[in-house]
Each structure stands twice: as C-alpha cells, then as structure tokens.
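# Coordinate analysis (summary)
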Amino acid sequence: MESLLRQHLPSLAVSYCLQLWQEHPFHFHVSRPRRTKFGDYSYCSSKGHRISVNGNMNAYAFLITYLHEVAHQRVCLQWGTRVAPHGRSWKKTFRELLKPVITESIFPVDILAPLLDYSRDPKAATASHAPLYQALRRYDRHPEGTLRLSEVPENQIFLLGNRTFMKHQRRRTRFLCTDQQNGRQYTVPAEALVQLSDVRPE
C-alpha cells in the first residue's frame, strides 16, 4: 500500500494517508481514467470496503480524491449506508480529513486558497468548485505539444481535434471561437487541450 501511495501522492502526505488506511483498512485500487468520476467508494458484506482513484490525476487532485473517498468509508463505519452520500455527515468528516494536509508543505500556494474555500462546504465533485478545479488542472500532465485554451493568446489560430479555430473573448468558463472552415462561432471550455497552428491570422 505504501509504495502505491508514493507513486501518486505528494511525498509529505503519504504517511498520513497510509495511517488512515491502517486505522480502517480497505481494498485500494488505482483505476484507469473514468469520464464520469475521479474516485469511488463501495461497501458490501462479502467484499468489504473498496476505494478506487483514477490513476491519471496529478498528485494534488489524487490526494483530495483519496480523502474524499476515505470520508465515505468513515461515514459508513459510523452511521451505516442509509445516510445521504454527500450530506452533512460526509461534509463534516471530509472537512476533518482535509485539515491536516491544507498546508504549504503539501499544496502549492495557488491551490491552497481555493482548497480552503472548498473545504468550508465541500461538494460532491471538486469540478463543481471552479477556482479549485482550475487550480488543480494547472498541474495536470498533458500531451507534449498541447496547451490549455486559456493559455492561447486572443485572436490566435489553434487546432482542436481535426478542426481549426480562432480564439476570441472569454465567456465565464469558456472562450468564443470561430471555426475557420465554416465561419461559425462556438464556445470552447477554457481548460480544453489544444495545439497552436502555424496559420497566421489575417
């Protein structure tokens, strides 16, 4: 378990996360990427407590998700399976599990502020807290030659899949972009991974 945690967590968080597992053991699995969830907790009498976390996340997102799922286990141990999955009991437990790691020795400064705000009233998914989600995404490992649309200069031509667009102004969490083939305008998520084009704007 320790060696597995060391592969995915910030180094100074490993002993704490290992301690949580030692206190109340569970079957832990690093999962392939899943589009619909970052992690999962389940319990049944025959298989016991099971937690999985997607293996493609950066260390900071992995840590938050790990603690999110451990909070589910702690709630199940104390109150059973009939409480609301992300209700008051889970929020309180998750908040308590987060407290020891909300430090500059574990998280970068740009993640700490939104993480502290999120921890006051944690939601079912970190993606629902835009400032925290965006801060975490900055530390993702993405394919060579790609960058986030938010990093592309305005009026720059970029590639998204097999299509070419020009980036325009921001609209909340998206950018207005013009398809260079049909002239239509679309809104593209700011966090979308794109490639810069060699084509120069006219």
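In what follows, the accompanying structure is described. Keep in mind it's a predicted model, so treat the numbers as computed, not measured.

What counts, and at which threshold
- Residues numbered from 1 in each chain as written.
- Predicted model: local features only at pLDDT ≥ 70, side-chain atom pairs only at ≥ 80, totals over all residues.
- Heavy atoms only, no water.
- Pairing = 2+ DSSP bridges.
- Helix = DSSP H or I, 4+ residues; strand = E, 2+ residues; numbered from the N terminus.
- Axes fitted to C-alpha atoms, helices over the stretch in contact; angles between N-to-C directions.
- Contact = heavy atoms within 4.5 Å.
- Expected span 1.5 Å × (residues − 1).
- Buried < 20%, exposed > 50% of the residue type's maximum accessible area, 1.4 Å probe, protein only.
- Parallel < 35°, antiparallel > 145°, perpendicular 65-115°, else oblique.
- Left-handed = near helix turned anticlockwise from the far one by under 90°.
- Nonpolar A, V, L, I, M, F, W, Y, C, P; charged D, E, K, R; others polar.

With respect to topology, three strands assemble into an open sheet ordered S1-S3-S2, the strand pairing being mixed. Strands with a single pairing partner mark the edges of an open sheet, and in this sheet they are strand S1 (27-31) and strand S2 (39-44). For this sheet, the mean angle separating the axes of adjacent strands, direction not counted, is 15°. Pairing of S2 with strand S3 (residues 48-54) involves six bridges; the strand directions are antiparallel. Across the sheet, aspartate 40 pairs through a bridge with serine 52, a residue of S3. In this fold helix H3 (residues 59-79) packs onto S1, S2 and S3, with an angle of close to 165° to the strand it touches most, S3.

Turning next to unusual backbone geometry. One non-glycine residue, asparagine 155, lies in the positive phi region at around 70°. Residue placement: asparagine 155 occurs in the loop between strand S4 (147-148) and strand S5 (157-160).

When strand S7 (residues 174-179) meets strand S8 (residues 185-189), the two strands line up antiparallel, connected through five bridges. Note that in S8 the partner of arginine 174 across the bridge is proline 189. Where S7 hands over to S8, the hairpin turn is made up of five residues, of which glycine 183 adopts a positive phi near 80°.

Compared with an ideal rise of 1.5 Å per residue, which puts twelve residues at 16 Å, helix H5 (residues 109-120) spans 18 Å between its outermost C-alpha atoms and is within 8% of the ideal. Buried within H5 are the following residues: Ile111, Leu112, Pro114, Leu115, Tyr118 and Ser119. For H5, the secondary structure elements touched by its buried residues are H3, helix H4 (88-98) and helix H6 (130-137).

Where H3 contacts H4, the two axes come as close as 8 Å, and the packing angle between them is 130°. Taken together, the axes of H3 and H4 lie oblique to each other. In this structure, H3 crosses over H4, and the sense of that crossing is right-handed. Here Ile64, Leu67, His68, Val70, Ala71, His72, Arg74, Val75 and Trp79 of H3 come into contact with H4, specifically with Ser89, Trp90, Thr93, Phe94, Leu97 and Leu98. Tallied by class, the residues present in the contact of H3 with H4 amount to ten nonpolar, four polar and one charged.

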